[in-house]
Amino acid sequence: FNGNARMIDLPIVSDPRGDLTFMEGGRHVPFDIRRVYYLYNVPVDSERGGHAHRELEQVIFALSGSFRMKIDDGTTQADVWLRNPRKGLYIKNMVWREMDNFSQGAVCMVLASHFYDEADYYRDYSEFLAASQAA
Ligand code: T46
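Procedures and definitions
- Residues numbered from 1 in each chain as written.
- Predicted model: local features only at pLDDT ≥ 70, side-chain atom pairs only at ≥ 80, totals over all residues.
- Pairing = 2+ DSSP bridges.
- Helix = DSSP H or I, 4+ residues; strand = E, 2+ residues; numbered from the N terminus.
- UniProt positions renumbered as here; feature names shortened; annotations may be inferred.
- Buried ≥ 20, exposed ≤ 12 C-beta atoms within 10 Å, placed from the backbone.
- Near = placed C-beta within 6 Å.
- Nonpolar A, V, L, I, M, F, W, Y, C, P; charged D, E, K, R; others polar.

- Per an unreviewed UniProt entry, the protein carries the name Sugar 3,4-ketoisomerase QdtA cupin domain-containing protein and comes from Tateyamaria omphalii.

**Describing the sheet that holds strand 12 (residues 121-122)**
Inference 1: Strand order in this open sheet of 5 strands is 8-7-10-5-12, and the pairing throughout is antiparallel. Each having just a single partner strand, strand 8 (77-82) and strand 12 make up the two edges of the open sheet.
Inference 2: Bridge count for strand 5 (residues 48-53) against strand 10 (residues 96-100) is 3 bridges, and the pairing is antiparallel. Across the sheet, the residue bridging to Arg48 is Met99, located in strand 10.

**What to know about the UniProt feature "domain: Sugar 3,4-ketoisomerase QdtA cupin" (unreviewed entry) in the protein**
Inference 1: This chain's UniProt record puts "domain: Sugar 3,4-ketoisomerase QdtA cupin" (unreviewed entry) on residues 4-131.
Inference 2: As annotated, residues 4-131 has a helix share of 5% and a strand share of 48%, and its two end C-alpha atoms lie 15 Å apart.

**Observations concerning unusual backbone geometry**
Inference 1: One non-glycine residue, Asn41, lies in positive phi territory at about 55°.
Inference 2: Relative to the helices and strands, Asn41 is located in the loop between strand 4 (35-39) and strand 5.
Inference 3: Backbone geometry at Asn101 places phi at a positive 55°, although glycine is not the residue there.
Inference 4: By secondary structure assignment, the location of Asn101 is in the loop between strand 10 and strand 11 (107-112).
Inference 5: Residue classification places Asn101 among the partly exposed residues on the basis of 16 C-beta atoms within 10 Å.

**What about the site of the ligand?**
Inference 1: Near the ligand, the surroundings consist of Arg35, Tyr37, Leu39, Arg48, Gly49, Gln58, Ile60, Arg97, Val110 and Tyr116.
Inference 2: At the level of secondary structure, the elements contributing two or more residues to the shell around the ligand comprise strand 4, strand 5 and strand 6 (58-64).
Inference 3: The element best represented in the shell around the ligand is strand 4, accounting for 3 residues.
Inference 4: Within the shell around the ligand, the residues separate by chemical class into 5 nonpolar, 2 polar and 3 charged.

Following this line, the structure appears as structure tokens:
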């Protein structure tokens, strides 16, 4: 995906008590983690996202259940199904994302490179496209 998005595989430590997965900032995640948030109690017909970020980089996980991410860097589009809690989708800045097809009880956890800042969002697709093509 032109280096703008890729899957990150995290370690897994399994024993009869269950599985353990961990992530360390600057090691498994290619930025210093400044914020973590999660989506839950998401209705199955919900559509989230519909924006891109000027600077923010994120890694997105389905900790439980599954959902679809549609990503678009202005040149390439892809559909990614997240359903494995040890495989995260790394998304660089300037990538449009939309999320849907949430399974019942899905939990989406996101690691972010910056604090929340509404000024960092493109919420208008044509504005995003113009900016991504000017870059
Ligand atoms: C993204 C996808 C995967 C905060 O106050 N702090 C936060 O850290 C976040 C993420 C959101 N908010 C507020 C802003 C809105 O008033 O929560 C409300 C809902 O946010 P939003 O409509 O942006 O939620 P999603 O699920 O459409 O998008 C979020 C992230 O905003 C976005 O960066 O990539 O999850």
